[in-house]
Amino acid sequence: MAVHAHPDDEATGTGGVLARYAAEGIRTVLVTCTDGGCGDGPGGVKPGEPGHDPAAVAAMRRQELAASCEVLKIDHLELLDYADSGMMGWAANEAPGAFWQTPVAESAARLADLLLRYRPDVVVTYDENGFYGHPDHIQANRITTAALELTGLTPKVYWTTAPRSTIQRFGEVMREFGADWEEPDPAEAAAMAEIGLPDEEITTWVDTTAFGGQKFDALAAHASQGENIFFLKMGKERFTELMGVETFVRVQDSTGAALPEDDLFAGLR
């Protein structure tokens, strides 16, 4: 079970493992917490700009999410359907019904019901900072932690991450493909330096190279979102080269599987 914040998050961080394990006959479940209504509208229009309709964006993104799930062969999609909270500091953070505003206990109870229904052997979500500080990602971590406590289930639990050695390559690759990449100011650079983990702190490296094409196509299903266009410009071969290994930190385990791992199901089969 992967617990993600928005439509398209399933493709960027876990598209490879979802496709790989589906191909191996393992049941895959995706929980998407928000409707994605703070995403780009038609033509790239941003929230707050004329012509941005959150309800219409959410409807479009639901269709894209269904297409992505088809590509990745996800068995079950569960929608919590909270309102997208937007980036940290946006007015949407405070909107009624926003995921960020919803009490953790309320959302965790809903997720606990899904955990008890599916009883996953492995659960994947974000770290406590939501990887890069996005409020909905942070909330997904909080409700997943709380839901697991409610159920008493003891699956292997992983947080998505990225090796800093790979993150350092992104700037040059973006420039290579014509992205308008400006050097961040010192404060932004310091914050970016905290994203991901040193390579030696990553516990689990899963080779998903054979599923790079599916991951690319899943991301392409979310082509309405401008932040995905950079990845799609790369083409499948270069995309797979850069994104063909997915990395995680194991935070709960009862199998005793040795670290580092190359399989989320190490110790379970």
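Basis of the calculations
Residues numbered from 1 in each chain as written. Predicted model: local features only at pLDDT ≥ 70, side-chain atom pairs only at ≥ 80, totals over all residues. Heavy atoms only, no water. Helix = DSSP H or I, 4+ residues; strand = E, 2+ residues; numbered from the N terminus. Rg over C-alpha atoms; globule rule 2.2 N^0.38 Å. Buried < 20%, exposed > 50% of the residue type's maximum accessible area, 1.4 Å probe, protein only. Contact = heavy atoms within 4.5 Å. Areas by Shrake-Rupley, 256 points an atom, 1.4 Å probe, with all protein chains shown as cover. Lys, Arg positive; Asp, Glu negative; His and termini not counted. Charge placed at Lys NZ, Arg CZ, Asp CG, Glu CD. Axes fitted to C-alpha atoms, helices over the stretch in contact; angles between N-to-C directions. Parallel < 35°, antiparallel > 145°, perpendicular 65-115°, else oblique. Left-handed = near helix turned anticlockwise from the far one by under 90°. Patch = residues over 30% accessible without salt bridge, like charges linked within 9 Å, V, L, I, M, F, W, Y side chains within 5 Å. Salt bridge = Lys/Arg side-chain N within 4 Å of Asp/Glu carboxyl O. Polar contact = N/O pair within 3.5 Å; in protein donor to acceptor, adjacent residues only side chain to side chain. Nonpolar A, V, L, I, M, F, W, Y, C, P; charged D, E, K, R; others polar. Pairing = 2+ DSSP bridges. Phe/Tyr/Trp six-rings, centres within 6.5 Å; stacked < 30°, edge-to-face > 60°. 1 Å grid on protein atoms, 1.4 Å probe; cavity = no way out; pocket = protein on both sides within 12 Å on 5 of 7 lines; lining within 4 Å. Points joined across faces, edges and corners; volume = space filled by probe spheres on them.

As annotated in an unreviewed UniProt entry, the protein is GlcNAc-PI de-N-acetylase from Kitasatospora indigofera.

Engineer: Please clarify how the overall build of the protein should be interpreted in this entry.
Structural biologist: Looking only at helices and strands, the protein features 10 helices and 7 strands. Relative to a compact globule of 269 residues, whose C-alpha radius of gyration would be 18 Å, the protein shows 18 Å and is just as compact. When the 269 residues of the protein are sorted by exposure, 51% land in the buried category. Within the protein, counting contacts between residues at least 6 apart in sequence, those at least 24 apart form 78% of the total. For the protein, the computed accessible surface area is about 12200 Å², with 54% contributed by carbon and sulfur atoms. Treating the 20 positive side-chain charges of the protein as one cloud and the 43 negative ones as another, the clouds have centres 5 Å apart.

Engineer: Where do I start with the packing of helix α1 (residues 9–23) against helix α8 (residues 212–220) in this structure?
Structural biologist: How two helices sit against one another is set out by the angle between their axes and by the gap between those axes. Taken N-terminus to C-terminus, the directions of α1 and α8 make an angle of 135 degrees; their axes are 9 Å apart at the nearest point. Relative to α8, the element α1 is oriented oblique. Considering the relative orientation of α1 and α8, their crossing is right-handed. Contact residues: α1 offers A11, T12, G15, G16 and A19, while α8 offers Q214, K215, A218 and L219.

Engineer: How do you make sense of a nonpolar patch on the surface when you look at a structure like this?
Structural biologist: On the surface, a nonpolar cluster with roughly 270 Å² of combined accessible area is contributed by M87, W90 and Y132. In this structure, Y132 sits in helix α4 (residues 130–133). Assessed through its relative accessible area of 37%, Y132 is described here as partly exposed.

Engineer: It is not clear to me how the side chain of K156 should be interpreted in this structure. Could you clarify?
Structural biologist: Within the fold, K156 resides in strand β5 (residues 156–161). Separated by 2.7 Å, the side chains of K156 and E261 make a polar contact. A polar contact is formed between the side chain of K156 and the backbone oxygen of L264, at a distance of 3.3 Å.

Engineer: For this particular structure, what's the right way to read the packing of α1 against helix α2 (residues 54–72)?
Structural biologist: At a minimum axis separation of 9 Å, α1 and α2 run at an interaxial angle of 35 degrees. Where α1 abuts α2, its residues E10, A11, G15, L18, A19 and A22 lie against L65, S68 and L72. The class makeup of the residues in the contact of α1 with α2 is 6 nonpolar, 2 polar and 1 charged.

Engineer: Just checking my understanding: could you explain the environment of A257 for this structure?
Structural biologist: Inspection of the secondary structure puts A257 in the segment after β7 (245–252). Given a relative accessible area of 12%, A257 falls into the buried group. Distance in space between the C-alpha atoms of A257 and G51 is 52 Å, their sequence separation being 206 residues. Beyond its immediate chain neighbours, meaning those up to four positions away, A257 contacts K156, R250, A266 and G267.

Engineer: Explanation requested: the pairing of strand β4 (residues 122–125) in the structure shown.
Structural biologist: Sheet faces and side chains relate simply in a regular strand, where the side chains alternate between the two faces. With burial as the criterion, each face of β4 is covered, one bearing V122 and V124 and the other bearing V123 and T125. Sheet analysis places β4 next to β5, joined by 4 bridges and oriented parallel. Considered in β5, the bridge of V122 is made with K156.

Engineer: How should the packing of aromatic side chains be read in this particular structure?
Structural biologist: Pairs of aromatic rings are described using the distance from one ring centre to the other and the angle between the two planes. In the structure shown here, the tally under the stated rule is 6 aromatic pairs. An angle of 20 degrees between the planes, with centres 5.2 Å apart, marks the rings of Y82 and F99 as stacked. Placement of the pair is Y82 in strand β3 (residues 76–82) and F99 in the loop between β3 and α3 (104–118), with a sequence separation of 17 residues. A relative accessible area of 7% means that Y82 is categorised as buried. Between the aromatic rings of F216 and F239, the centroid separation amounts to 5.4 Å while the plane-to-plane angle is 80 degrees, which identifies the pairing as edge-to-face. Here the residue F216 occupies a position in helix α8, and F239 occupies one in helix α10 (residues 235–243), the gap between them amounting to 23 residues. In this structure F216 comes out as buried when scored by relative accessible area, which is 11%.

Engineer: Can you walk me through the layout of surface pockets in this structure?
Structural biologist: Take a probe with the size of a water molecule and roll it over the atoms, and the empty space left behind shows itself. Its volume calculated, the second largest pocket comes out at about 250 Å³. Forming the boundary of the second largest pocket are 18 residues, of which M1, I26, R27, V122 and F265 lie nearest the centre. When contributions to the lining of the second largest pocket are tallied by element, the ones reaching two or more residues are α1 and β4. Residues of the lining of the second largest pocket, tallied by class, amount to 13 nonpolar, 2 polar and 3 charged.

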